[in-house]
Amino acid sequence: MDTLAHLADGFAVALTWQNMLLALLGCFLGTIMGALPGLGPSNGVAILIPLAFTLGLGATPSLILLTSVYYGAMYGGRISSILLGIPGDEPAMMTVLDGQPMARKGMAGEALSLSGIASFVGAFLATWGLILLAPQLVKIALLFGPAEYFALFALAFMTLGGVSSTNQAKSAFAAALGLGLAMIGVDTQTGVPRFTFGEVHLYDGLDFLVAIVGLFALSEVFIFLEERHGQSDAEGRSVRIGRLTPPWQMIKSCTPTMLRTSVLGFIAGVLPGAGASLGSFISYSVEKRLVDKDNSFGTGDPRGVAAPEAGNNAAAGGALVPMLALGVPGSGTTAVLLAVLLSLNITPGPLLFTQNPDVVWGLIAALFIANIMLLAMNIPMVGLFTRLLLIPPRILMPIVAMVSFVGIYGISGSSFDLLVMIGFGVLGWLLRKLDVPLVPVILGTLLGNAMENNLRRAITIDNGNWWTLIDSPLAMALWVIAIAGFVLPILVGRKVKASMHERGDEEGAISD
Amino acid sequence: MSDRIFGIFGILLAVGFAIAALSIEESFLSDAVGPKAFPLIIAAILGLSSALIALRPDPEPRWPSLLRLAEISAAVVVMILYAQLLPVVGFIVATACAATYLTWRLGSSLPGAVITGISTSIGIYVVFHLVLGLSLARGPLGF
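Residues numbered from 1 in each chain as written. Chains lettered and ligands numbered in written order. Predicted model: local features only at pLDDT ≥ 70, side-chain atom pairs only at ≥ 80, totals over all residues. Heavy atoms only, no water.

*Asks:* Describe the overall build of chain B, listing the residues and the values that go with them.
*Replies:* For chain B, the count of helices and strands is 5 helices and 0 strands. Ordered by position from N to C terminus, the α and β elements of chain B give α-α-α-α-α. For 143 residues, the compact-globule formula gives about 15 Å, and the C-alpha radius of gyration of chain B, at 23 Å, lies well above that figure. Of the contacts made within chain B by residues no fewer than 6 positions apart, 59% connect residues no fewer than 24 positions apart. Summed over all atoms, the accessible surface of chain B reaches about 7,500 Å², with 75% contributed by carbon and sulfur. Counting 7 positive and 7 negative side-chain charges, chain B places the centres of these two groups 13 Å from one another. (Helix = DSSP H or I, 4+ residues; strand = E, 2+ residues; numbered from the N terminus. Rg over C-alpha atoms; globule rule 2.2 N^0.38 Å. Contact = heavy atoms within 4.5 Å. Areas by Shrake-Rupley, 256 points an atom, 1.4 Å probe, with all protein chains shown as cover. Lys, Arg positive; Asp, Glu negative; His and termini not counted. Charge placed at Lys NZ, Arg CZ, Asp CG, Glu CD.)

*Asks:* I'd like a description of the domain arrangement of chain B, backed by residues and values.
*Replies:* For chain B, the domain assignment lists domain 1 (2-55) and domain 2 (66-131). On a C-alpha basis, the centres of domain 1 of chain B and domain 2 of chain B stand 38 Å from each other. (Domains from an automatic or database assignment.)

*Asks:* So what about the UniProt feature "transmembrane region" (unreviewed entry) in chain B? Which residues, and what values?
*Replies:* Residue and element names in this part refer to chain B. The UniProt feature table records "transmembrane region" (unreviewed entry) at residues 36-55, 76-102 and 114-137. With 96% helix and 0% strand, residues 76-102 has end C-alpha atoms that lie 10 Å from one another. In this annotation, residues 114-137 is assigned 75% helix and 0% strand; the end-to-end C-alpha distance for the span is 21 Å. (UniProt positions renumbered as here; feature names shortened; annotations may be inferred.)

*Asks:* Which residues make up the layout of surface pockets, and what values go with them?
*Replies:* Residue and element names in this part refer to chain A. In this model, the largest pocket occupies a volume close to 1,000 Å³. Forming the boundary of the largest pocket are 48 residues, of which Leu-342, Thr-347, Leu-446, Asn-449 and Ala-450 lie nearest the centre. Counting only elements with at least two residues in the lining of the largest pocket, the list comes to α7 (146-164), α8 (168-183), β1 (185-186), α9 (208-227), α13 (332-343), α14 (350-355) and α19 (439-461). Looking at which element gives the most residues to the lining of the largest pocket, the answer is α19, with 9 residues. (1 Å grid on protein atoms, 1.4 Å probe; cavity = no way out; pocket = protein on both sides within 12 Å on 5 of 7 lines; lining within 4 Å. Points joined across faces, edges and corners; volume = space filled by probe spheres on them.)

*Asks:* Can you break down the interface of chain A and chain B residue by residue, with the values?
*Replies:* Of the residues lining the interface, 63 residues belong to chain A; the matching set on chain B comes to 69 residues. Carbon and sulfur atoms make up 78% of the area that chain A and chain B hide from each other, which totals about 5,500 Å². Note that Lys-170 of chain A is salt-bridged to Asp-3 of chain B, the shortest N-O span being 2.9 Å. Our enumeration of links across chain A and chain B arrives at 9 residue pairs in polar contact (both at pLDDT 80 or more). Of all the secondary-structure elements, those providing two or more residues to the side of chain A that touches chain B are α3 (41-54), α8, β2 (193-194), α9, α17 (393-412), α18 (415-433) and α19 of chain A. (Buried area = accessible area lost by both parts, 1.4 Å probe. Salt bridge = Lys/Arg side-chain N within 4 Å of Asp/Glu carboxyl O. Polar contact = N/O pair within 3.5 Å; in protein donor to acceptor, adjacent residues only side chain to side chain.)

*Asks:* Quick rundown of α18 of chain A? Include the residues and the values.
*Replies:* Each α-helix turn comprises 3.6 residues. Residues three or four places apart therefore point the same way. End to end, α18 of chain A covers 27 Å across 19 residues, agreeing with the expected 27 Å (1.5 Å per residue, within 8%). Among the residues trailing α18 of chain A, Asp-435 of chain A stands out with phi positive, at a value near 65 degrees. (Expected span 1.5 Å × (residues − 1).)

*Asks:* Quick one: what's the story with the pattern of salt bridges, residue by residue and with numbers?
*Replies:* Using the criterion set out here, one finds 13 salt bridges over all chains in the structure. One salt bridge in this structure joins Arg-456 of chain A and Glu-452 of chain A, with 2.9 Å as the shortest N-O distance. On the criterion of helical spacing, the pair formed by Arg-456 of chain A and Glu-452 of chain A is a turn pair, its members being 4 residues apart in helix α19. Linking Glu-71 of chain B and Arg-105 of chain B is a salt bridge whose minimum nitrogen-to-oxygen distance equals 2.6 Å. Here Glu-71 of chain B, found in helix α3 (residues 66-89), pairs with Arg-105 of chain B, found in helix α4 (residues 91-105); they are 34 residues apart in sequence, far enough to count as distant. Take Glu-71 of chain B and Arg-105 of chain B: they sit in the same class, and that class is buried. (Buried < 20%, exposed > 50% of the residue type's maximum accessible area, 1.4 Å probe, protein only.)

*Asks:* Describe the nonpolar core, listing the residues and the values that go with them.
*Replies:* The nonpolar side chains of soluble globular proteins are, as a tendency, buried together. Ranked by size, the top nonpolar core spans 205 residues in total, and within it Phe-216 and Phe-405 of chain A together with Phe-91 of chain B carry the most contacts. Ranked by residue count, the leading element in this core is α9 of chain A, at 15 residues. Lining this core are residues from two domains, each supplying at least three of them: domain 1 (2-55) and domain 2 (66-131) of chain B. By size, the runner-up hydrophobic cluster in this structure holds 7 residues, among which are Met-93, Tyr-284, Val-291 and Phe-297 of chain A. (Core = buried A, V, L, I, M, F, W, Y, C linked by side-chain atoms within 4.5 Å.)

*Asks:* Quick rundown of the packing of aromatic side chains? Include the residues and the values.
*Replies:* Geometrically, a pair of aromatic rings is defined through the distance of the ring centres and the angle of the planes. This model, assessed by the stated rule, comprises 17 aromatic pairs over all chains. Taken together, a centroid distance of 6.4 Å and an interplanar angle of 20 degrees make the contact between Phe-11 of chain A and Phe-368 of chain A stacked. Within this pair, whereas Phe-11 of chain A is found in helix α1 (residues 2-14), its partner Phe-368 of chain A is found in helix α15 (residues 357-378), the two being separated by 357 residues in sequence. Under the relative-accessibility criterion, Phe-11 of chain A is labelled partly exposed at 26%. Overall, the relative accessible area of 9% leaves Phe-368 of chain A in the buried class. With a centroid separation of 5.6 Å and an interplanar angle of 65 degrees, the aromatic rings of Phe-124 of chain A and Phe-368 of chain A are classed as edge-to-face. Here Phe-124 of chain A is found in helix α6 (residues 108-141), whereas its partner Phe-368 of chain A is found in helix α15, with 244 residues between them in sequence. According to the relative accessible area criterion, Phe-124 of chain A is partly exposed, its value standing at 32%. One aromatic cluster is present, built from ring pairs that chain together Phe-11, Phe-120, Phe-124, Trp-128 and Phe-368 of chain A. The ring of Trp-104 of chain B carries the charged tip of Arg-105 of chain B above its face, separated from the ring centre by 4.6 Å. (Phe/Tyr/Trp six-rings, centres within 6.5 Å; stacked < 30°, edge-to-face > 60°. Lys NZ or Arg CZ within 6 Å of the ring centre and 35° of its normal.)

Written as structure tokens, this is what we have:
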């Protein structure tokens, strides 16, 4: 009952004109970003953060705008998957398998509307899952002391590499690089400058927003320049949609699939290091094994369209659970959302639920509203978005670059930050070429200082005894999970990753 | 080969990071751990993972040709110039030039690129400055 009362309060927060408009704008932009190949949820949200920040939006409105973009991108990715056979973003890659054949059979409209419904079901159920699960996780998190938090951060880093990279050494490198970058600046506990090399600009530390926009958005521009990929993928193709209502029979036959994959996707989203791409991958594979009796998956089976779409939208909701309840994001886009909260001086985690319940419940209510908006936008108005697919990257990418510059310049008004951002753009391009995942780098710069503070607090409380880190059963359990999460993928994960990367596009390193 | 070079570079980075960490001046008021310990742990992980990357390299990535590499470097130079000139010449002029360049290099015809660049610049100015009220760099002409 308590939950429902909170939710009612949340709707009171979300149902203001400003928040509704922001949700609408976020849904619209998110769908576009999801649909356009080259822009996905993580870099889409990354570009918009500085804007939300400089516009002086509060915590709740910013989060509403940016999570609407996140949910919207999950919807939008399917459009180009189905119509062009090119995933609009990474989570939509499994939708290509059955969506594209359906479109070739002249059933593009049915595929789009069915996947829209599946997205809605997945996101709707996942938002309920978020409501039910997050408070439980908060109860556990309230038992955490500094040693447990340190172990939890270690767990986040060690499991993040598990799925997002094919090479554990590279994900460890990425995490250490991110943590190292976070160390730059004046030490918060003793006040001595570290790694600043006398440069006054560095005393405050690197702004992680600058790092995120550079790594995620600018590096994408460099990738496009490298391949001189300026033409629109949709050019010269006839994009015919056809009827936009799926037959009732089709929805009925897909309902069990949608419900099952929503649950699967949600679980995949909650697990650290997984994110929406894995959610849609697992959903598709399991569903194929479960119901594909006559080998129709891969040839345009509607269930093969519904499964990954329900899965990735549910995973997007699931990924919000650890980010909000523990302050430890498990995926690229939630890491970017964490950056928003941190730059607004709000620390996610158990205290968020007690100190800023309006932020949490306003966000949750906004997710319900955004979801309904997205359903409305993505079925009757899908024609509008298909036309936007015609925007060629040669026009889109310069806009992405310029908006990134505007956003970062808007925050600080300093050219130095712009140069740092360009540096991160080049670094991001180089790391993507070398197949080093970018998400641990971001997570490292975000969590580095909190991780160090918890380490030092834990040890100082225990008078300099380092064994205090593995002193409590809870901390030990977290370390065991962390080590298992790091080692297991080396032993058994190769196959899953290989088959996932087969379908991946060049966005591989930015997994969301 | 790329991974071996990358690994060795990583080891050097780790060593540099460790040296820089050791040279941090300790304050007389310090906690039990001090400001050096955590950076040293990071340096150790950085070094270990780099060594592993160098010893067990992945298959060679697909590097662009020299021409494409020059393309990226040129874009970086343009962006650096953009960052430096932004406060000098103002938002609209600088952005129009940079956007024109990028659009042109991504395969537009030159006249098309100029039109796209100028409209991108003015579009961003209208949306972000006039509508949303973001403060953009002012040039000598006031925009």
